[in-house]
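# Residue-level structure breakdown
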Amino acid sequence: MIELRSVTKTYPDGTTAVDDLDLVIRAREITALVGSSGSGKTTVLRMINRMVERTAGVIEIDGSDVSTMDPVKLRRSIGYVMQSSGLLPHRSTLENIATVPRLNGQHKSLARTRALELMDTVGLDRNLADRYPRQLSGGQQQRAGVARALASDPNILLMDEPFGAVDPIVRAELQRELARLQQELGKTIVFVTHDVDEAFLLADQVVILEERGRVAQSGSPMDILANPASDFVANFIGADRGRRQLHIENVDGTRVLVDVTGRPAGVLSK
Ligand code: ADP
Ligand code: MG
């Protein structure tokens, strides 16, 4: 579990990006932080692994205050995936994936074997191991970024708009893969996105942020859809509301969920 209590970040230029945030992120679940650009999502994520130092408040991982931990060790023990894969351009895919285990002193041949296994895990063909990042497609780069984040077998994975830069079809594929991976791995994942659909699709817990990291609402996708806590939330999730409004039709004795355009969205079990 990750817990933030009264956490504030004011950058040196005086910008308060996050103001007095309380948040509990449950273990082995996907928590999505969703909010407009500038709402403080990246700042929250980076305070967890101390890439950004908080100005006030307490952040604990399983009851231990992160401020008492060695920041380098902390960072290497937590997987981090960013929007642009963040791969090192002059290192092969395999070397990129093996970076942290190598930094941690793992033997080269073991790191290599493990990196190849991780390529399988994230659905990257092993033939791509010796390619450089620029020789990979956007989707492949993101998969490599996820493999690299998993390489030290972290309990926690921080993902900052990881699928934001790929086209919609690849994006949907990566979303499905992440859902599958999570079923297998059971990590504690903090997933940042500005896309409400993506948050509802992937997350067990959705946290909707207003400016300065103020929590407008947090809950399961169902809770939030059924009971938006404020006009802000209703508006935020309401951009696609029309499409989400579903009704039930009876088709030959089977109850089918149908959206406003008349397309079937699913079947209700009896
Ligand atoms: P998000 O990820 O939701 O877009 P950020 O956490 O990146 O939000 O930014 C939140 C606010 O903090 C924004 O107003 C942004 O301009 C500001 N900010 C982010 N990083 C810095 C920085 N290094 N120095 C000053 N202000 C920053
Ligand atoms: Mg951001």
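Look a little higher up for the structure.
Let us look at the structure shown here. (Residues numbered from 1 in each chain as written. Chains lettered and ligands numbered in written order. Predicted model: local features only at pLDDT ≥ 70, side-chain atom pairs only at ≥ 80, totals over all residues. Heavy atoms only, no water.)

## Focus on the overall build of the protein
Helices and strands together make up the secondary structure of the protein, namely 11 helices and 13 strands. Projected onto its principal axes, the C-alpha coordinates of the protein cover approximately 60 × 45 × 30 Å. Long-range contacts, defined here as pairs at least 24 residues apart, represent 60% of the contacts in the protein between residues at least 6 apart. As displayed, the protein offers around 13600 Å² of accessible surface, 48% of which is attributable to carbon and sulfur atoms. For the protein, the centre of its 33 positive side-chain charges and the centre of its 35 negative side-chain charges are spaced 6 Å apart. (Helix = DSSP H or I, 4+ residues; strand = E, 2+ residues; numbered from the N terminus. Contact = heavy atoms within 4.5 Å. Areas by Shrake-Rupley, 256 points an atom, 1.4 Å probe, with all protein chains shown as cover. Lys, Arg positive; Asp, Glu negative; His and termini not counted. Charge placed at Lys NZ, Arg CZ, Asp CG, Glu CD.)

## Let's talk about the site of ligand 1
Near ligand 1 the following residues occur: Tyr-11, Asp-13, Thr-15, Ala-17, Ser-36, Ser-37, Gly-38, Ser-39, Gly-40, Lys-41, Thr-42 and Thr-43. The biggest single contributor to the shell around ligand 1 is helix α1 (residues 41–48), with 3 residues. (Near = heavy atom within 4 Å.)

## Overview of the nonpolar core
By size, the foremost hydrophobic cluster in this structure holds 45 residues, and its most contacted members are Met-159, Phe-191, Val-206 and Ile-208. If sequence neighbours within four positions are ignored, Phe-191 has contacts with Ile-30, Thr-31, Ala-32, Leu-33, Met-159, Pro-162, Phe-163, Leu-178, Glu-198 and Leu-202. Membership of the second largest hydrophobic core comes to 26 residues, among which are Val-44, Met-47, Ile-61 and Val-192. (Core = buried A, V, L, I, M, F, W, Y, C linked by side-chain atoms within 4.5 Å. Buried < 20%, exposed > 50% of the residue type's maximum accessible area, 1.4 Å probe, protein only.)

## Here's the deal with the sheet that holds strand β3 (residues 30–35)
Spatial strand order, β6-β7-β8-β3-β9-β10: 6 strands in an open sheet with mixed pairing. Because the sheet does not close on itself, it has two edges, and the strands there are β6 (78–81) and β10 (215–219). Going from strand to strand, the sheet's axes swing by 15 degrees on average, the running direction of each strand aside. With respect to the sheet, helix α6 (residues 138–150) is in contact with β6 and β7 (156–160), its orientation differing from that of β6 by roughly 165 degrees. (Pairing = 2+ DSSP bridges. Axes fitted to C-alpha atoms, helices over the stretch in contact; angles between N-to-C directions.)

## A look at the sheet that holds strand β2 (residues 16–25)
Judged by pairing direction, the sheet is antiparallel, and its 4 strands sit side by side in the order β2-β1-β4-β5 without closing on themselves. Two strands in the sheet have a free side with no partner beyond their single neighbour: β2 and β5 (64–65). The pairing of strand β1 (residues 2–10) with β2 spans 6 bridges and is antiparallel. Bridged to Glu-3 within β2 is Val-24.

## Notes on empty space enclosed by the protein
Where empty space is left becomes clear once a probe the size of a water molecule has been rolled over the atoms. A full pass over the atoms with the stated rule returns 1 cavity of 30 Å³ or more. Reported here for the largest cavity is a volume of approximately 100 Å³. Looking at the largest cavity, the residues that line it are Thr-121, Val-122, Arg-143, Val-146, Met-159, Phe-163, Leu-174, Glu-177, Leu-178, Arg-180 and Leu-181. Of all the elements in the fold, those that place two or more residues in the lining of the largest cavity are α6 and α7 (168–185). Considering each element in turn, the lining of the largest cavity owes the most residues, 5 residues, to α7. (1 Å grid on protein atoms, 1.4 Å probe; cavity = no way out; pocket = protein on both sides within 12 Å on 5 of 7 lines; lining within 4 Å. Points joined across faces, edges and corners; volume = space filled by probe spheres on them.)

## Comments concerning the pattern of salt bridges
Inspection of every chain in the model, using the stated rule, returns 15 salt bridges. In this structure, Arg-114 engages Glu-117 in a salt bridge whose closest nitrogen and oxygen atoms are separated by 3.4 Å. Separated by 3 residues within a single helix, Arg-114 and Glu-117 lie in helix α5 (residues 108–121), roughly one turn from each other. The exposure class assigned to Arg-114 is partly exposed, which follows from its relative accessible area of 29%. One salt bridge in this structure joins Lys-187 and Asp-153, with 2.8 Å as the shortest N-O distance. Taken as a pair, Lys-187 in the loop between α7 and β8 (188–193) and Asp-153 in the loop between α6 and β7 lie far apart in primary sequence, 34 residues in all. Here Lys-187 falls in the buried class, since its relative accessible area comes to 7%. (Salt bridge = Lys/Arg side-chain N within 4 Å of Asp/Glu carboxyl O.)

## Here we look at the pairing of β6
Alternating residues of β6 divide into Ile-78 and Tyr-80 and Gly-79 and Val-81, and every residue in both groups is buried. As paired elements, β6 and β7 share 4 bridges and run parallel to each other. Looking at the pairing, Gly-79 lines up with Leu-157 of β7.

## Section: the environment of Asp-153
Classification of Asp-153 by relative accessible area gives exposed; the value is 51%. At 2.8 Å, the side chain of Asp-153 and the side chain of Lys-187 are in polar contact. (Polar contact = N/O pair within 3.5 Å; in protein donor to acceptor, adjacent residues only side chain to side chain.)

Scope: geometric values only; no functional claims are made or implied.
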